[in-house]
Amino acid sequence: MRTSDTAVTLSPSRHVVVTPGMCSGGSLLFGRIGDWTWDAVADACGMNVHAARTPAGKPAYLAFYYFHVRGGRTVHPHGLTFGDELRVTSRVFRLGGSSVITLHRLAPADLSLPDALLDPAEVYEDPYPDCLYAQNFNRWVARTETGNTGLAQVLPTGFDDADLPRLPNCYSPRALVGAARAAGAFHPAGPPGFTEAGGSHTVEYTLDVVRDLNGAGLMYFASYFSIFDTALLRLWHSLGRTDAQFLCRRVTDQRIAYVGNADPGAVFTITLRRWLHPDRPGSEAVDMALREKATDRLIAVCAVETDIGS
């Protein structure tokens, strides 16, 4: 039986038909994966995460702390179009404190897969090559007196993760994310096997209150993908590449560590460093750091590996 793309209640998998609102050369797919994460956490923990409140009655948000996507041969972040059919499988794990991690597998609908719970070993060690995998590490936060720049970790009323399975420590992204936040980069010395190509490249970006804020007035987690892609496109233009080439890129791996949020009017600097793989023509990696220009406060770091063709 086919179910809607928001029905994660009883079955570990559901059938999804790709619609215009979930595919593009930008951040639409990431936004939809994030919605599936909130739905999955709500279902697994038995609460309405969209209306969560602190014990003091203030809004609490299931904020994204780390978002990692690995593209496959068939399903990759910017390779979907209207009418594509997927089988989406999600599973939520406890990560301690007020944190959860949700794993997703987006598979071609006609790919033969076991009808079973998503195993972390598959995601981290033995992925199906045609599938896209995503992991979302989320923490509960609430605003303080300083607005978007002063979010505090909280535990909302009614949140109970006691029945969730615990993600094995060997797969936990805590150390990876902590190191990236401390260094301001996922690859301070460059990704293994890659060679740096040119010096760093810096662009500016002004927070767009029309596009970059969500209904709660916070920077929308998916807008970080758009901001980094905007910076990446400017780097591509500086290399003489075209918009058409950018839209045809195949993202094989992308990760974002969310460090902070920002208020309307913020201006950012984004510093990019690029590497090429000498043994894989067309394979390149870019590390990006997003900072608030006025304070040099780190907002997020991103690493993306792309197959641009030979």
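Here's what I pulled together on the structure shown here. (Residues numbered from 1 in each chain as written. Predicted model: local features only at pLDDT ≥ 70, side-chain atom pairs only at ≥ 80, totals over all residues. Heavy atoms only, no water.)

## Here we look at the overall build of the chain
Where we set the bar: Secondary structure is summarised from DSSP: a helix means a run of H or I of at least four residues, a strand means a run of E of at least two, and numbering begins at the N terminus for each. Burial status follows relative accessibility: with a 1.4 Å probe on protein chains alone, a residue under 20% of its type maximum counts as buried, one over 50% as exposed, and anything between as partly exposed. Residue contacts follow a heavy-atom distance rule, with two residues in contact if any of their heavy atoms lie within 4.5 Å. Note on areas: Shrake-Rupley, 1.4 Å probe, and residue coverage restricted to the protein chains presented here.
Regarding its fold elements, the chain presents five helices and twelve strands. Principal-axis analysis of the C-alpha atoms gives the chain an extent of 50 × 50 × 35 Å. Looking at the chain residue by residue over its 310 residues, the buried ones come to 52%. When contacts within the chain are restricted to residue pairs at least 6 apart in sequence, those whose partners lie at least 24 apart make up 72%. Here the chain has roughly 13,400 Å² of accessible surface; of this, 53% comes from carbon and sulfur atoms.

## With respect to the packing of aromatic side chains
How we decide: Stacked, tilted and edge-to-face pairs are distinguished by plane angle, under 30 degrees for stacked and over 60 for edge-to-face with tilted covering the rest, among Phe, Tyr and Trp rings (Trp via its six-membered ring) whose centres lie within 6.5 Å. Should the NZ of a Lys or the CZ of an Arg lie within 6 Å of a ring centre and within 35 degrees of the ring normal, that charge is described as sitting over the ring.
Evaluation of the coordinates by the stated rule reveals 13 aromatic pairs. Taking the centre distance of 4.7 Å and the plane angle of 5° together, the rings of Tyr-124 and Tyr-171 count as stacked. Within this pair, whereas Tyr-124 is found in helix α2 (residues 120–124), its partner Tyr-171 is found in the loop between β6 (147–153) and α3 (174–183), the two being separated by 47 residues in sequence. Judged by relative accessible area, Tyr-124 falls into the partly exposed class, the value being 23%. With relative accessibility at 12%, the residue Tyr-171 sits in the buried group. When the ring of Trp-236 is compared with that of Phe-246, the centres are 5.4 Å apart and the planes differ by 90°; the resulting orientation is edge-to-face. In this pair, Trp-236 sits in helix α4 (residues 221–238) while Phe-246 sits in helix α5 (residues 243–247), placing the two residues ten residues apart along the sequence. Joined through ring pairs, the aromatic side chains of Phe-30, Phe-64, Phe-67, Tyr-220, Phe-221 and Phe-225 make up one cluster. If you follow Arg-14 out to its NZ or CZ, it ends over the ring of Trp-36, 5.2 Å from the centre. Its end group placed over the ring of Phe-186, Arg-255 keeps NZ or CZ at 5.9 Å from the ring centre.

## Examining the side chain of Arg-241
Tracing the chain through its elements places Arg-241 in the loop between α4 and α5. Judged by its relative accessible area of 18%, Arg-241 is buried. Arg-241 has contacts with Trp-236, Arg-274, Glu-284 and Ile-308, leaving out every residue within four places of it along the chain.

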